[in-house]
Structures are given as C-alpha cells and as structure tokens.
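# Coordinate analysis (summary)
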Amino acid sequence: MARIPTYQLSKYLLNGQLGRRGCLRTAIISRTNSSLPPRHPRHYATTASSPPSSTPSAPIIPLRKQLKDAAKSSPKKSKKSSNNQTVPGWELTVGIEIHAQLNTARKLFSPSLSGDSTSSPGNPNTPGHVSPFDLAIPGSQPIFEPTTLIPAIRAALALNCAIEPVSRFDRKHYFHWDQPAGYQITQYYAPFARAGKIELFARDGIAKEDGEGVTVGIKQVQMEQDTGKTMIMGEDKEDGVATHWVDFNRVGMPLIEIITEPVIRHPSTAAAFVRKVQMLLYAVNACVSGMESGGLRADVNVSVRREGDTKMGTRTEIKNLNSFKAVEDAIIAERDRQIKVLEEGGKVLGETRGWSLGSTETRRLRGKEGEVDYRYMPDPDLGPVVVDGGLVKYLGQSMGVSPDEEIDGLVERYGLSTKDAMALMALDNGARVEYFYKVLDGLEEKLGLGAVREGVVEAASGETRNREHAHALLAANWCLHELGKLTEVSSDLGMTPDGECAVPSGDLAILLAHLYKKEITAKVAKEMLWAIFRGQVVPGRVTDLIDLDGLWFNELSEEEYIECADEVVGRNDSESMQGVLAEFAKYYKALNTEDVKKHMRYPQGKLMFLVGQMMREGPAERMDPATCERILRTRLEEVYVPLALEVEEFGSREE
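Described in the following lines is the structure provided in the data block.

## A few points about the overall build of the chain
When helices and strands are counted, the chain shows 20 helices and 16 strands. Of all 655 residues assigned to the chain, the portion counted as buried reaches 41%. In the chain, once contacts between residues fewer than 6 apart in sequence are set aside, the share between residues at least 24 apart is 70%. Total accessible area on the chain stands at roughly 37,400 Å², and carbon and sulfur atoms take up 53% of it.

## Here's the deal with the packing of aromatic side chains
One pass over the full model with this rule turns up 11 aromatic pairs. Seen from their ring centres, Tyr188 and Tyr189 are 5.0 Å apart, and the 80 degrees between their planes marks the pair as edge-to-face. Classification of Tyr188 as partly exposed rests on a relative accessible area of 30%. Here the aromatic rings of Tyr414 and Phe436 are separated by 5.9 Å at their centres, their planes lie at 70 degrees, and the arrangement is edge-to-face. Of the two residues, Tyr414 sits in helix H9 (residues 403-414) while Phe436 sits in helix H11 (residues 431-447), which places them 22 residues apart along the sequence. For Tyr414, a relative accessible area of 2% gives the class buried. Residue Phe436 is classed as buried on the basis of its relative accessible area of 0%.

## Brief notes about the environment of Gly415
Turning to its location among the elements, Gly415 is positioned in the loop between H9 and helix H10 (418-426). When its relative accessible area of 28% is taken as the criterion, Gly415 is described as partly exposed. Each C-alpha atom of the pair Gly415 and His469 lies 5.6 Å from the other, and the pair is 54 residues apart in sequence. Among residues more than four places away in sequence, those in contact with Gly415 are Leu410, His469 and Leu473.

## Focus on the sheet that holds strand S1 (residues 90-101)
Read across the open sheet, the nine strands follow the order S2-S6-S7-S10-S1-S11-S12-S13-S14; overall the sheet is mixed. What marks the edges here is a single partner per strand, and that holds for strand S2 (162-163) and strand S14 (363-367). Two strands pair when backbone bridges link them, and S2 and strand S6 (residues 193-201) are joined in this way by two bridges, in the antiparallel orientation. By the bridge assignment, Ala162 is partnered in S6 with Arg194. Set on the sheet, helix H7 (residues 324-343) makes contact with S1, strand S11 (296-306), strand S12 (316-321) and strand S13 (351-354); between it and S11 the angle comes to about 30 degrees.

## A word on H10
Buried within H10 we find Ala421, Met422, Leu424 and Met425. Buried residues of H10 fall within an arc of 155 degrees about the axis and therefore sit on the same side.

## Considerations on the pattern of salt bridges
Enumeration over the complete set of coordinates arrives at 32 salt bridges. Close ionic contact of Lys319 with Glu317 constitutes a salt bridge, the shortest N to O distance being 3.8 Å. With a relative accessible area of 4%, Glu317 lands in the buried category. Three or more residues are tied together by salt bridges with common partners; here these are Arg203, Asp204, Lys276, Asp404 and Asp408.

## Considerations on the nonpolar core
Residues Ile96, Met223, Ile256 and Phe273 are the most contacted members of the largest nonpolar core, which totals 66 residues. Aside from chain neighbours lying at most four places away, what touches Ile96 is Ile258, Ile259, Thr260, Ile264, Ala270, Phe273, Val274, Ala298, Asp299 and Val300. In terms of nonpolar packing, the next biggest core, distinct from the first, is built from 50 residues, Ala421, Leu474, Cys479 and Ile510 among them.

## Here we look at the side chain of Arg335
Within the element layout of this structure, Arg335 appears in helix H7. Under the relative-accessibility criterion, Arg335 is labelled buried at 4%. A distance of 3.0 Å separates polar atoms of two side chains, one belonging to Arg335 and the other to Asp336. Ignoring anything within four residues of it in the chain, the contact list for Arg335 reads Asn84, Gln85, Thr86, Val87, Leu92, Pro267, Val302 and Val304.

## Description of the packing of helix H6 (residues 267-283) against H7
Between H6 and H7, the shortest axis-to-axis distance is 8 Å and the interhelical angle comes to 150 degrees. What the angle tells us is that H6 and H7 run roughly antiparallel. In this structure, H6 crosses over H7, and the sense of that crossing is right-handed. Mapping the contact onto sequence places Pro267, Ser268, Ala270, Ala271, Val274, Arg275 and Gln278 in H6 and Phe324, Val327, Glu328, Ile331, Ile332 and Arg335 in H7.

## Digging into the sheet that holds strand S5 (residues 183-186)
Strand pairing in a sheet relies on backbone hydrogen bonds. The paired strands run either parallel or antiparallel. Spatial strand order, S5-S4-S15: three strands in an open sheet with antiparallel pairing. If you trace the sheet from one side to the other, it starts and ends with S5 and strand S15 (377-378), each paired once. By the bridge criterion, two bridges tie strand S4 (residues 170-173) to S15 in an arrangement that is antiparallel. Its bridge partner being in S15, Asp170 is matched across the sheet by Pro378.

## Quick notes on the packing of helix H13 (residues 505-516) against helix H14 (residues 522-533)
Where H13 meets H14, the closest approach of the two axes is 10 Å, and the angle between their N-to-C directions is 170 degrees. As far as their axial angle goes, H14 and H13 are roughly antiparallel. Judged by residue contacts, Asp507, Leu508, Leu511 and Leu515 of H13 engage Ala522, Ala525, Met528, Leu529 and Ile532 from H14. Here the residues of the contact of H13 with H14 are counted per class, giving eight nonpolar, no polar and one charged.

## Concerning the pairing of S11
As a general feature of sheets, a regular strand has side chains that alternate between the two faces. Within S11, 10 of the 11 residues are buried, leaving the element largely enclosed by the surrounding structure. Where S1 lies against S11, 11 bridges are found, and the strand directions are antiparallel. Across the sheet, the residue bridging to Gly95 is Asn301, located in S11. Where S11 and S12 come together, four bridges link them in antiparallel fashion. For Val300, the partnering residue across the bridge sits in S12 and is Ile318.

## Some remarks on the environment of Pro138
Locating Pro138 in the fold gives a position in the loop between S1 and helix H5 (149-158). Given the relative accessible area of 77%, Pro138 is considered exposed. In sequence terms Pro138 and Ala181 are 43 residues apart; their C-alpha atoms lie 9.5 Å from each other.

## As for unusual backbone geometry
Notably, Asn285 is not glycine yet its phi reads approximately 60 degrees, a positive angle. Its place among the elements puts Asn285 in the loop between H6 and S11. Even without glycine at this site, Lys518 takes up a positive phi of about 60 degrees. With respect to the helices and strands, the residue Lys518 is situated in the loop between H13 and H14.

## Here's the deal with the pairing of S12
Note: S12 against S13, two bridges, orientation parallel. Pairing of Ile318 across the sheet is with Arg353, part of S13.

Definitions and limits used
- Residues numbered from 1 in each chain as written.
- Predicted model: local features only at pLDDT ≥ 70, side-chain atom pairs only at ≥ 80, totals over all residues.
- Heavy atoms only, no water.
- Helix = DSSP H or I, 4+ residues; strand = E, 2+ residues; numbered from the N terminus.
- Buried < 20%, exposed > 50% of the residue type's maximum accessible area, 1.4 Å probe, protein only.
- Contact = heavy atoms within 4.5 Å.
- Areas by Shrake-Rupley, 256 points an atom, 1.4 Å probe, with all protein chains shown as cover.
- Phe/Tyr/Trp six-rings, centres within 6.5 Å; stacked < 30°, edge-to-face > 60°.
- Pairing = 2+ DSSP bridges.
- Axes fitted to C-alpha atoms, helices over the stretch in contact; angles between N-to-C directions.
- Arc of directions from axis to C-beta.
- Salt bridge = Lys/Arg side-chain N within 4 Å of Asp/Glu carboxyl O.
- Core = buried A, V, L, I, M, F, W, Y, C linked by side-chain atoms within 4.5 Å.
- Polar contact = N/O pair within 3.5 Å; in protein donor to acceptor, adjacent residues only side chain to side chain.
- Parallel < 35°, antiparallel > 145°, perpendicular 65-115°, else oblique.
- Left-handed = near helix turned anticlockwise from the far one by under 90°.
- Nonpolar A, V, L, I, M, F, W, Y, C, P; charged D, E, K, R; others polar.

Next up, the structure:
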C-alpha cells in the first residue's frame, strides 16, 4: 500500500477531510457497497422467513470468557529464564561515567546565572544567563568561579574520594553546534579528586550474583562545563528537513564527571550504582536534580570476554542514558549484541552507540578510535586550582548523616521496611524524608510521646517500643502511599527542599493523631486529606472542621461488637456459613499436629469474609475493621469453633 502523505492524514484526523484518491476513500467505498445486515433489531424479525427451530438456541458466551477458555486450553509455553544478568560462558565488564550538574548560583567560568534547574532557566538565550565567553565571542576569557568548588568537594567526599591539593583544567577538542568554542574545558590529566569507592548492598538492588554487597571503585572525579541544549522543532512539510534550535543558557553550567573503575559485572548492579550516586549527591546538596529532570546523565562502557580470558574485550560506549532502567536495559542489549558478533566470528569495534527508550538493541552513532581524537591540552587561560586542607576538613565535618546510616535508622528506630525507608530517601530529591520527620514530630507532640530520634523512646504513660513503632509506621504509610495517591490528580505536590508541600506537615500530623486515637475513621481521614490538598481547609483548623461537620468516630462498645458478630455467625443455617465454619474447625482441630505446622495456614480469607459480613450487618460508620477482626478471631476460637466441633462429634455419635 502506498504511503499516505502526512498532510493528508492531518486533514483526515483533525478536520475530517478525505482526499479524492487513496486507500482511505477506497476502504469507505468498499464498505458502502458491501452487503451489510440492517442495523435495527426489528428488521431481523420482519425478514426472517424460516420457521422457528425447536432446539434451544446456544447461550451467548462473553468474549472475555471465550479468550480465557482459549488461553486455558492452549498448550503452555515454557517460560523464558528471568535471569538476564549473566550469559553462560561469558563475562561482562562495565565502567560508568556519570555527569551531574552542581548546585551553584553561577556558571563554572563566567559570572552568568546558572538558574535552579537544568531545563534552561527563563527563555532561551536569556541575558544574564549567557555571557560573551559562553558564546565564544573573540577576546572573551574564562574566569573560574571559586564557589562552584564547594559542592564539587562535598560530592567527592560523599563518594569517599581523596581531594587533590592542586588540580588543573584541560581543553577537550571536538566540534558541534552546541559547543561554540570548539572545545570543552575539563580536568583530564589532573582532576580534583581521585581514588573513591561506593559500597552497594543487597537492598540497593544489586544482582543476586553479587551476594550481600559489592564495592565499586571511583577512579576520579573531575569538574567540567556543560554544552548547549539542542531542540528539534520538527520536519518541514515540503523538504522533510528538521529545524534545530540551540539554547545557550546551559553552556558553561558546572558539572562533575564521576568515572568508575571497570569492575561492575552485572547490569542491575550498574543501575543500582547510578541510583546510589544520585542519592548520595542529593544527601550532601551537591546536585540540583536527578536523572528524571536531566540533571544527571550516565554513559556506560561495555565489553565482554569469554570466561577464563585475562585480556579485556573491546569496549563500546553508550551515551546519554537518562534513567536507571535505561542503564540496565542498554547494558543487556549491548552485551548480547557483542556476544552475538563474537560467536559469529566477527570483531567488536570500538565505537560510540546510542539507546532509545523501549528499544531492544543499541544503535551506532560514530566510530571511536580513542582519546587521542580529542587532542587534550592544558588550558592556557586558566591557572591551577589550589584547595586548602582546612576547607576539606571543614566540609567533611559538616556532611551530616550518610544515606546508609539514615536508612538504618529508619529501619531500626521506627520499624520501617527497607523498601519504605529507601523510598522516603529517594522521593522528591530527598525532601520526602524531611517531610516525614516533620509529620512524625508533630504526631508525637499530639500524642504526648518523647523525641524518638534521640534514642530509645517510651510514651508518657509507659507504652512499649511496639506502640512507638505503630505511630511511626502510620506516619510513614501516609507520607508514602496516601500522599502518593494525590499525585494521580496532580503530579506536583509542591514539595520544598525543607520538607513542606501542599499538605502542611502540621495538618497531616493533627489528622493522623485523631486517626491513631480512633477518633475518626480511615475513610474520614482520607477525605480530609483530599480537602487539605485542594485548599478547602484553613491551615491549623483540621479539628474544627471535623467538629463542625460531625465526623467524629462514635465506635461501638465491646458488647455491641460481640452481639453483631453473634448475629452474623449465628446464621449458620446457610450453606456458605457452614462451609466457612468448617474451614476454621478443620484448622483448629489440626492445630497441634505436624500437618498444620507444615502445610495448613490460618484461613485469613474466610476471616475477612466474616469481617465484611459484620460491616454490612452493623452500622459501618461506627465500626472499625481491625476491631471486627479481633473480635471475630477471639469468638471463633472460644465459642463458634468449639460449638461446631461439638455438633460434629454429636452427629458422628448419632450415626
């Protein structure tokens, strides 16, 4: 079929206009001339001439059920191995180069403003963000901004690097429209930091083959300037040539390049390393944004060799990976490509390759013969950078708690799971965990608890550590999951670096205090959260609104709960209820046998069925599902099941 021009498709899709020729019109004509049955049901009755059949008509089976039945009857395919971290007989070697934009007010070699993000502050090519040197105006020279060194040193210390007392800048020559000078200023021969390392643990998401932990060495960390931002505006309708615009606001932005040793052996470990670096840079306030915003980019060098070989294979570089998943997927694709080339008797060429989201293989960008192509040379316009040891010592002492220590604290002191603790640390550039601490402090104040983070905690009335964990877990759950549900409507919570957002931490603390003390139901609390998020609640007036609308939880008494449970379970004449009780009787009957210890589990599903029956039977607005579950579990063990066993035993005697 001939290709339909873009302008014809746009006319059809946007304006409903069809051309006189082409496959679209042909399809419509053929459909119009085809013999189709009438649309209205009454036409079928009038045109039917055959006598009615005595055999009953076949039941109509929904399409969904037909598909499910077909899937069940079809032969099951063997599942492909999910372990894509290794290839038998081959060894993978990965080295990573990470570029991160430093959190500074000025550019690296000019007094121009750097802005607060990597998305080109202000309009393109804005005065104040672009200086003559950024545009390589003849006669302009670089002037090193000393303030850019502070976040760079903090980042290097977070990576456990040794800070060099003297470092120098070099020129890396290459020609591209986003680099007006024809070269990039970097630190190739004498970087400001060397010999670092990062410890990765199983909780960081490393490959199972790496065991409980792995150490990744940092070869060097160097400062360099960023390039301009190229924007492709689309193809011309007539000649099909794309128009490229260059925004020079980003030229000269201060970057650090983190170069690892080639010691990573598995794709998921490489992704975990990039994720850990981003978390570390956030923790020391050295990086402005992460991979999702373009403030951190990764290049990976991939090579393979047969197991037992001592010589490294030829490496290829995959440029500008902007997500953790892209890092892992690109490494897997390039590893498989190189193995296929070598198994077919070919030779892997040293080259630069690219990766697109959703791809299954990398693509060649350009050949790469080696670093000599860049013609590195010392920059004659810039002197050496001398770092005083006292500055390094001062910055090292002001680093604060490391992310690993903070995660351990969240797990050990508050009882959070490792997954939730890491999520709090990673969300909103680390601001979500600050929000959690503020909510927790406010909640403890409302509940009359001590300061948890300072040590072992006891409540004013002497509650145990389990009670402390209960309110901390409640705060973490709402800060993570319930607050996360708000992003389904608005992707931006307005989270600030100091841990505040559209839902003030004080208001959420008040709300959770009422929920924790069972003064309101979870349903009311969630509705109040949405009202706070939409700005319908005056800050600090959460309690007043609950009182005004009469939303307080007037819970049933213990006796009323028991009465409701007896009414639900007492209707044991129904077949379904008898089956439920039989499940519990079977469990408790075998409770002390080896059978139940090894194979049988408590019928929790049946218990929750009874909870649902209770909530429907009684006044749901005055009932707590957790209390219903507790009452039913107790009554089953003490009353209902013994009674059912007695009836069963009596019946067997009668027989």
